[in-house]
Structure formats: C-alpha cells, structure tokens
Amino acid sequence: MSGILGACVVLAGAGAAAAVVAAGVSDPPPCEACAGFTRGEALRDLPTMTSQGGVLDVAITPRTRTVDIGGRSVSSQTYATRFAGPTLVVDPGDDLNVLLRNRLPVGYLPGPQDLNAFLQPKGALTNLHVHGLHVSPESPQDNVFLSIRPGSNYQYRYELPSDHASGVFWYHPHRHEYTDMQTSAGQAGTIIVRGGLDGIPGIGDLRDRVMVFQNTLVRGSSTAASQARPPKHRLILINGQLQPRIDIRPGESQRWRLVNASTERFLTFLPVGGEYYLLARDGVTLERPQRLSSIFLAPGQRFEVLVRAGSVRGDFKVVQQYFAQRPTPFGIQPEVQVATVRVQGVAQAQQPVPSFLLRADDLRGDDVPIAVRRRVVFTQDPSKAQFFVNGVLFAHGRGHQPTPMFSPRVNTVEEWLLVNNSPEWHNFHIHINPYQVVARDGKPVTGQPEWADSIATPPGSRITIRQRFADFTGRFVFHCHVLVHEDHGMMAEVNVVP
Ligand SMILES: [Cu+2]
C-alpha cells in the first residue's frame, strides 16, 4: 500500500486557508474510467420516504431508465430516476410494505453457474432482500427464494419487531444468478430504522448524510455488469455521483452513514479532513465510539461514522486504496479518488465526542450456552468460475431446489468457524440475525463486542463467530457478498427449526 494520505489542495478564494501538503502525499493515478464524466459536484442527498402512523407503503419498480451518471445520460436498470434508490425511513414496530413491480427486460436466462451469464443483458427474474433487517424469512417477508417474473408484481409486508435495532440497513435484489447483474445496474437503496443514536446529544442533532457506494461499468450509453471488465474500468459512485464533494465547516461534526452497496468492492479509505469515529457497524450500535485510523468496508457493510472536521480549510481527497482481491491482474483494484472532503466556511467550536453510546449484547461469556459448533469453508475453482461452501455449489431454479446445510434451533446460540481456503478475499453475510466476531485466527477479540452481518474473510483466514437465531423459524441463506461469487455458488441454506 503506497500510503496516499489525502492530498490537500488549497482553494482559490478560501481566504486564510493554509496550504497543507503533508510530507509524502501524492495524487492517485488518473481515473481512466472517469474520462468524459463530470466530477466534483456537491454531494446530493437521495430522496427519502418516511413511515407515517407506523406504516410505510412504497412501490419499487426495477426497469430500464435513463439516469444521470456524472453528467452523462446512461441507460440502466434502476429502482428510481437516480442511480441509487430512495432511502426508506421507518421506526421499530413499523410495517414496511414494498410492492415490487418487475418491469425488467426479459433478457437472457443464464444456466446454473453459466460463465457467460454476467456478460449478457440484464433483466428477467428478480426479488427483494432487506439486508440486515431482523424480520421473518418467510413470505411475504424476507423470503429470497422467490422468483418474481418480468411483468408481474409481488407485495412484501415486513413487520419490524417493536425492539428492532436502530441503524442502517439496505435493500437489493437477491434472485440467485441475477444478483450481481441487477445490483451493478443500480438496484440498491438504504433503509434507516430510527431511534438509538438519534436520541444521544452530540449525535442526534448533527447534520446526517447517507452515502451509498455503488460500482458499475459504463459501456457507450448503457451500464454493463461490472464483472465484464477488470476493476480499473469500473466506476465507484456515491449517491450516483462521481467523485462528489462533501462540504463540512472547520470544527463541525457530521454523522455519515456509509453503505457499501457495491457488488464486489472492499472499500478501503484513510480518513481525511478531520477525525473519524465509528458509531455503528451493520446496524448494531457500538458501546463506545471508536476512533478510526482507516476505514474498511466489505461488500454489504454499513458504517455510521461521526466525522469531526479539523481547523484546516481545504480540499482533501478521499482515495480508494490499492486492493488485491486476488493474485491475478483481474483482481487488482487500483487507487482511485472517490470523493473530496471540502473543509470551508465559518469555523465552529469542536464538540466533544460522546463517551458512551448504547449497551451491546455480548456472547463471549462462559455463561452463554453454545448449542452447536459448525465449520463453514469457502473454496473455489476459478477455472470453472465455481465457488463453494463446504464443497457444495448452491443451485436454485431449473429443477434445482436448495436443501438446508444447517438446521439450528430457534433462540439458541451457535459458534461457527469461517475458514477461507482460497486465494481470494470473500466475505460472510447471513440473513435475519447479526453475529458477533469472537476470534480471528484463534486469537480472541477483546474489548467491546464486535457485531456485524457482512465481515471480510481474507485468504487463509479463520474467523470465529457466535450468533443467536432469535425469534424467527424458517429458511434463509448465508453467502459471500462478493455477488459474482454468490451467483456462482458460494451460498448455502439454513433452516431454523422450532
Ligand atoms: Cu467471495
């Protein structure tokens, strides 16, 4: 890693702005994929839809639209007129009703594990997953085994428990074999469950910004599946914008909700323009804010971050760091600027960062009974684009019915060892319940509990998690959230039984 530390450029007309060029700072290489696009516009907030009287009714229609990507009109299969979908805001105990209207083109129907599937036009079968929400996995809630055909509708009715965690979640398609295509076309949006941090002075009153990171590939006047070309050809967008500018005043604190809705990016940034404190990970609030020396978001992850700007005015580049997803040229994600933090305007007195947030559950105690211990081993055969869980390829459709790999009992705690026996980074996401990371490579995690629902599993790693299969019986899945891996088999079913 070559240590790009957010080069600072002095603003013309920024008054007394000091020239700050830290030693060793250099610019990232020019973004080849960005040529011909407008960059650097102020970050726009996404539209929000908020529940009224305990209910939020929305209709989501994936179809071909012309959207603006960096000043260019591009044809893609999105949920809305912006590349990212609207932000849905609900409270614990609410009913979230989503009418999904599949108006995607019929397109190409790939066969199971078809190598060419991701090179073909997008469309056809879809469904919806509410990533991270603690709701029933059965219809009409978070059942990802459904296939909603082109031209047909499906009415989801999610019932959030009254004690549902507050935080950041998201929605995206989850029909096996189509997920990567549809998500890289823009089908993703944020869900915010209110409460929790909102009531804490020094956080709830801050400027609150949702930033949805997505990746896509633009070929001519339309998007293509991001896997069709190597990472350096793909764009990293925030709220559908290319390298947007995020304004903050010297000394000001803001609350940023970072959503990694990309299909495959392990986002890795250095904090620039101030101090960054982690408040929540994957919809679970930390007990105490944690100062970040770097930001690392696996695909599917969400961070809530308190950003406290420094006193130095200027433009600070947010740079996606070099990342080797796998040891081949196709796996290299080069350094690229993804945003600018502009510190400008009237200085504010810095506010203290709260010292305590919310009490977190902790499954590390000796008094926590572990019902079952299991192993989950990720392997792959890149020559066939096949990705396995415990040696098994997930298959769904065309006569293949998934069968449960594991059948935990409801409301019990299990310990799983996640083993990555492959040369490539994967990550581990499970539906319905978050989990606690209790050890990495046999070393216990100390300090405050580390909860997540989509953590990275580096090549060769062994990560121990504990999870409670709380409240809901039924069938759902766990999988790698590098979506092309999931679509090519790296997924398995669990069936929670009474
Ligand atoms: Cu993977």
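Up top is the structure these notes are about.
Not measured: the values here are computed from a predicted model.

Below, the discussion takes up the layout of surface pockets. If you add up the space inside the largest pocket, you get close to 670 Å³. Along the wall of the largest pocket there are 23 residues; nearest its centre are D163, A165, V284, D361 and P434. Class assignment of the residues belonging to the lining of the largest pocket gives a composition of 9 nonpolar, 8 polar and 6 charged. Residue-level mapping places the lining of the largest pocket at the junction of two domains, with at least three residues from each of domain 1 (1–355) and domain 2 (370–496). Quantified by volume, the second largest pocket comes out at close to 560 Å³. What lines the second largest pocket is a set of 25 residues, among which R281, F296, F303, R440 and E450 lie closest to the centre. Where the lining of the second largest pocket is concerned, the elements lending two or more residues are β19 (274–281), β20 (284–291), β35 (454–457) and β36 (462–468). It is β20 that contributes the most residues to the lining of the second largest pocket, 3 residues altogether.

Let's shift gears to the state of the cysteines. With the rule as written, the count across this model stands at 1 disulfide. Here C31 engages in a disulfide with C34; their sulfurs sit 2.0 Å apart. One quick way to see it: the torsion about the S-S bond of C31 and C34 is about 70°, and its sign makes the bridge right-handed. The exposure class assigned to C34 is buried, which follows from its relative accessible area of 2%.

Another point: the pattern of salt bridges. A full pass over the atoms with the stated rule returns 27 salt bridges. Salt-bridge contacts for R265 lead to E264; the nearest nitrogen and oxygen are separated by 3.5 Å. Assessed through its relative accessible area of 2%, R265 is described here as buried. The exposure class assigned to E264 is buried, which follows from its relative accessible area of 4%. With a closest N to O distance of 2.9 Å, D362 and R364 form a salt bridge. The structure contains a network of salt bridges with shared partners spanning D198, D208, R255, R257 and E304.

Moving on, we get to empty space enclosed by the protein. Applying the stated criterion to the full structure yields 9 cavities of 30 Å³ or more. A volume near 110 Å³ is recorded for the largest cavity. Lining the largest cavity are 15 residues, with F213, W256, F269, Y276 and V318 sitting closest to its centre. Among the elements of the structure, β12 (207–219), β17 (253–260) and β26 (336–343) are those that each provide at least two residues to the lining of the largest cavity. Residues belonging to the lining of the largest cavity are distributed by class as follows: 15 nonpolar, no polar and no charged. Here the second largest cavity defines a volume of roughly 90 Å³. Together, 13 residues line the second largest cavity, and Q227, R234, E264, Q325 and R326 are the ones closest to its centre. Taken domain by domain, the makeup of the lining of the second largest cavity includes at least three residues from each of domain 1 (1–355) and domain 2 (370–496).

Enumeration according to the criterion identifies 18 aromatic pairs in this entry. A ring pair is formed by Y79 and Y171, whose centres lie 5.8 Å apart and whose planes are at 25°; its orientation type is stacked. You can see Y79 sitting in the loop between β5 (72–78) and β6 (87–90) and its partner Y171 sitting in strand β10 (residues 167–172), a full 92 residues away along the chain. By relative accessible area, Y79 is classed as buried at 4%. Look at F406 and W416: their rings are 5.1 Å apart centre to centre, the planes differ by 65°, and that puts the pair in the edge-to-face class.

With mixed pairing, 5 strands are arranged side by side in an open sheet as β29-β38-β37-β31-β35. The strands lining the two open edges of the sheet, one partner per strand, are β29 (404–406) and β35. Neighbour to neighbour, the strand axes of the sheet diverge by 40° on average, direction disregarded. Across 2 bridges, the pairing between β29 and strand β38 (residues 491–496) is parallel. Opposite P404, over in β38, you have E493 as the bridge partner.

Relative to the helices and strands, C480 resides in the loop between β37 (474–479) and α2 (483–487). When its relative accessible area of 0% is taken as the criterion, C480 is described as buried. Along the chain, C480 and F388 lie 92 residues apart, while their C-alpha atoms are 9.8 Å from each other. Ignoring any residue separated from it by four or fewer positions in sequence, one finds C480 in contact with F378, H426, N427, H485, E486 and M490.

Analysis parameters
Residues numbered from 1 in each chain as written. Predicted model: local features only at pLDDT ≥ 70, side-chain atom pairs only at ≥ 80, totals over all residues. Heavy atoms only, no water. 1 Å grid on protein atoms, 1.4 Å probe; cavity = no way out; pocket = protein on both sides within 12 Å on 5 of 7 lines; lining within 4 Å. Points joined across faces, edges and corners; volume = space filled by probe spheres on them. Nonpolar A, V, L, I, M, F, W, Y, C, P; charged D, E, K, R; others polar. Domains from an automatic or database assignment. Helix = DSSP H or I, 4+ residues; strand = E, 2+ residues; numbered from the N terminus. Disulfide = S-S within 2.5 Å. Buried < 20%, exposed > 50% of the residue type's maximum accessible area, 1.4 Å probe, protein only. Salt bridge = Lys/Arg side-chain N within 4 Å of Asp/Glu carboxyl O. Phe/Tyr/Trp six-rings, centres within 6.5 Å; stacked < 30°, edge-to-face > 60°. Pairing = 2+ DSSP bridges. Axes fitted to C-alpha atoms, helices over the stretch in contact; angles between N-to-C directions. Contact = heavy atoms within 4.5 Å.

Any link to function would need more than the numbers given here.
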